[in-house]
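Observations on chain architecture
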Amino acid sequence: MRTLFVIAALIAPGGKAPVVCLDPGHAATPNLSTEPIGPGSSVRKIKDGGGAPGEAVVVLEIARKTRRLLLERGYRVEMTRTGSEFTYGNGGNVARAKFCNKRRAALMLRIHADGSTSPAVHGAATLYPAWRRGWTDDIYGPSLRAAKLVHRQLLRSTGALDRGLVARRDLTGFNWADVPVILVETGFMTNPRERRLLQSDWYQRRIARGLTRGVVRFAPLD
């Protein structure tokens with residue numbers, strides 16, 4: 001059943017354009033309550049630790065710019081949050097995944113910015129769900145393909161240092177997803193130069209162009 005759901009998400013009904021679900025990470029207010037890391041799991045994680053300083057604001061602006069470009073190309077776009085707070089369901093990453101599942105998105109594109117204890121660390125990485133039976137086995141293949149395509153276009157558009165593709169087993173928003181999903185770490189808020197770039201309008205537009213080109217290659221319009 002989950003596999004059929006993924007196929008339905010990739011093929012838009014009635015000839016309609018595919019839905020791209022943009023998920024700008026975190027929110028202005030952290031949510032320190034916990035939720036299961038995956039369906040039926042006894043392991044729990046904090047819903048939203050707050051992210052890197054300034055991250056929630058930056059990634060929302062990137063998501064808005066990406067939304068505009070995708071709409072111009074003819075895609076349908078949904079966003080898990082359009083303001084400073086995430087208010088869907090009970091909050092947290094389970095709710096974010098369910099938001100995109102409900103809309104049968106061709107791709108859930110999670111947009112984040114990273115942080116490090118070292119201010120020298122910089123660059124962009126794209127995360128995708130590691131294979132796990134019953135949780136991600138149905139979305140693993142298309143998610144990996146999306147990660148490769150989007151990451152390549154992001155690097156071409158921004159010239160950011162390539163920190164590679166990273167498989168993750170521990171991300172709640174991956175393990176609850178029933179549609180292809182990736183998480184793009186667009187840069188490091190803790191690196192002074194990259195933080196300035198991420199906060200600038202022109203660099204946000206470069207990121208948005210790269211993300212859009214990657215989406216187009218993954219889920220082309222008919």
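Conventions and cut-offs
- Along each chain, residues carry numbers from 1 onward, in the same order as the chain's sequence is written.
- Only residues with pLDDT of 70 or above have their local features reported here, since the model is predicted, and side-chain atom pairs are shown and tallied only from 80 upward, although totals for entire chains, interfaces and linings are computed over all residues.
- Excluded from the side-chain calculation are hydrogens and water; included are all heavy atoms of the structure.
- By disulfide we mean two sulfur atoms from cysteines, separated by a distance within 2.5 Å.
- Numbering of helices and strands starts at the N terminus; helices are DSSP runs of H or I of at least 4 residues and strands are runs of E of at least 2.
- The buried label applies to any residue whose accessible area, calculated with a 1.4 Å probe on protein chains only, is under 20% of its type's maximum; exposed applies above 50%, and partly exposed to all values in between.
- What makes a nonpolar core is a set of buried Ala, Val, Leu, Ile, Met, Phe, Trp, Tyr and Cys residues whose side-chain atoms join them at distances within 4.5 Å.
- Between N-to-C directions, angles span 0 to 180 degrees; the directions come from axes that are lines fitted to C-alpha atoms, helices contributing only their stretch in contact.
- Here the word oblique covers every angle except those under 35 degrees (roughly parallel), over 145 (roughly antiparallel) and from 65 to 115 (roughly perpendicular).
- Handedness of each helix crossing follows the sense of rotation of the near helix against the far helix: counterclockwise by less than a right angle gives left-handed, clockwise gives right-handed.
- Residue contacts are defined here by distance: any two heavy atoms, one from each residue, within 4.5 Å place the two residues in contact.
- Just so you know the grouping, Ala, Val, Leu, Ile, Met, Phe, Trp, Tyr, Cys and Pro go in nonpolar, Asp, Glu, Lys and Arg go in charged, and all remaining residues, Gly too, go in polar.
- One bridge is not enough; two strands pair if DSSP finds at least two bridges between them.
- Grouping into patches uses exposed residues only, defined as over 30% relative accessible area, and leaves out salt-bridged ones; the cut-off is 9 Å for like charges and 5 Å for nonpolar side chains (Val, Leu, Ile, Met, Phe, Trp, Tyr).
- All accessible areas in this document rest on Shrake-Rupley with a 1.4 Å probe, and a residue is counted as covered only by the protein chains that are shown.
- Here, a salt bridge means any Lys or Arg side-chain nitrogen found within 4 Å of an Asp or Glu carboxyl oxygen.
- Think of it this way: Lys and Arg go in the positive column, Asp and Glu in the negative one, and His and the chain ends go nowhere.
- Here the site of a charge means atom NZ of a Lys, CZ of an Arg, CG of an Asp or CD of a Glu.
- For this analysis, a ring pair means two rings from Phe, Tyr or Trp (six-membered ring only for Trp) whose centres lie within 6.5 Å, classed as stacked if their planes differ by under 30 degrees, edge-to-face if by over 60, and tilted for the remaining angles.

Now for the state of the cysteines. This structure, assessed with the given rule, holds 1 disulfide. Residue pairing for cysteine 21: its cysteine sulfur links by disulfide to cysteine 100, the two sulfurs lying 2.1 Å apart. Disulfide cysteine 21 to cysteine 100: torsion about the S-S bond roughly -70 degrees, handedness left-handed. Of this pair, cysteine 21 sits in strand β1 (residues 19-24) while cysteine 100 sits in helix α3 (residues 92-102), and the two are 79 residues apart along the sequence. You'll find cysteine 21 and cysteine 100 in the same group, each marked buried.

It is worth spelling out the nonpolar core at this point. The nonpolar side chains of soluble globular proteins are, as a tendency, buried together. Counting 38 residues, the largest nonpolar core has Leu109, Ile182 and Leu211 as its most contacted members. For this core, the leading source of residues is helix α4 (residues 140-158), giving 7 residues. In terms of nonpolar packing, the next biggest core, distinct from the first, is built from 15 residues, Val19, Met108, Leu127 and Leu171 among them.

With that settled, the discussion passes to the packing of helix α2 (residues 55-73) against helix α7 (residues 201-218). As a packed pair, α2 and α7 sit with axes 8 Å apart at the nearest point and diverge in direction by 50 degrees. By the angle between their directions, the pair α2 and α7 is classed as oblique. Crossing of α2 over α7 shows right-handed handedness. Between α2 and α7, the contacting residues are Val58, Glu61, Ile62, Lys65, Thr66, Leu69, Leu70 and Arg73 on the first element and Asp201, Gln204, Arg205, Ile207, Ala208, Arg209, Leu211, Thr212, Arg213, Val215 and Val216 on the second. Looking at the contact of α2 with α7 residue by residue, the classes come out as 9 nonpolar, 3 polar and 7 charged.

Extensive coverage of strand β8 (residues 181-188) is indicated by the burial of 8 of its 8 residues. Looking at chain direction, strand β5 (residues 107-114) and β8 are connected through 6 bridges and run parallel. From the neighbouring strand, methionine 108 faces β8, where its bridge partner is valine 181. Relative to β8, strand β6 (residues 124-129) runs antiparallel, the two being bridged by 3 bridges. Looking across to β8, one finds that threonine 126 is bridged to valine 184.

As for its placement among the helices and strands, aspartate 138 is situated in the loop between β6 and α4. According to the relative accessible area criterion, aspartate 138 is buried, its value standing at 10%. Along the backbone, aspartate 138 and leucine 165 are 27 residues apart, and their C-alpha atoms lie at a distance of 19 Å.

Where like charges cluster on the molecular surface, the positive patch consists of Arg73, Lys148, Arg152, Arg156, Arg206, Arg209, Arg213 and Arg217. Broken down by secondary-structure element, the contributors of at least two residues to the positive patch are α4 and α7.

Attention now moves to the packing of aromatic side chains. Taken as a whole, this structure holds 3 aromatic pairs when the rule is applied. When the centroid spacing of 5.1 Å and the interplanar angle of 90 degrees are considered together, the rings of tyrosine 88 and phenylalanine 99 count as edge-to-face. Of this pair, tyrosine 88 sits in the loop between β4 (76-79) and α3 while phenylalanine 99 sits in helix α3, and the two are 11 residues apart along the sequence. You can call tyrosine 88 partly exposed: its relative accessible area is 27%. Aromatic pair tyrosine 128 and tyrosine 140: ring centres 6.3 Å apart, planes at 55 degrees, arrangement tilted. With tyrosine 128 in strand β6 and tyrosine 140 in helix α4, this pair connects stretches of sequence that are 12 residues apart.

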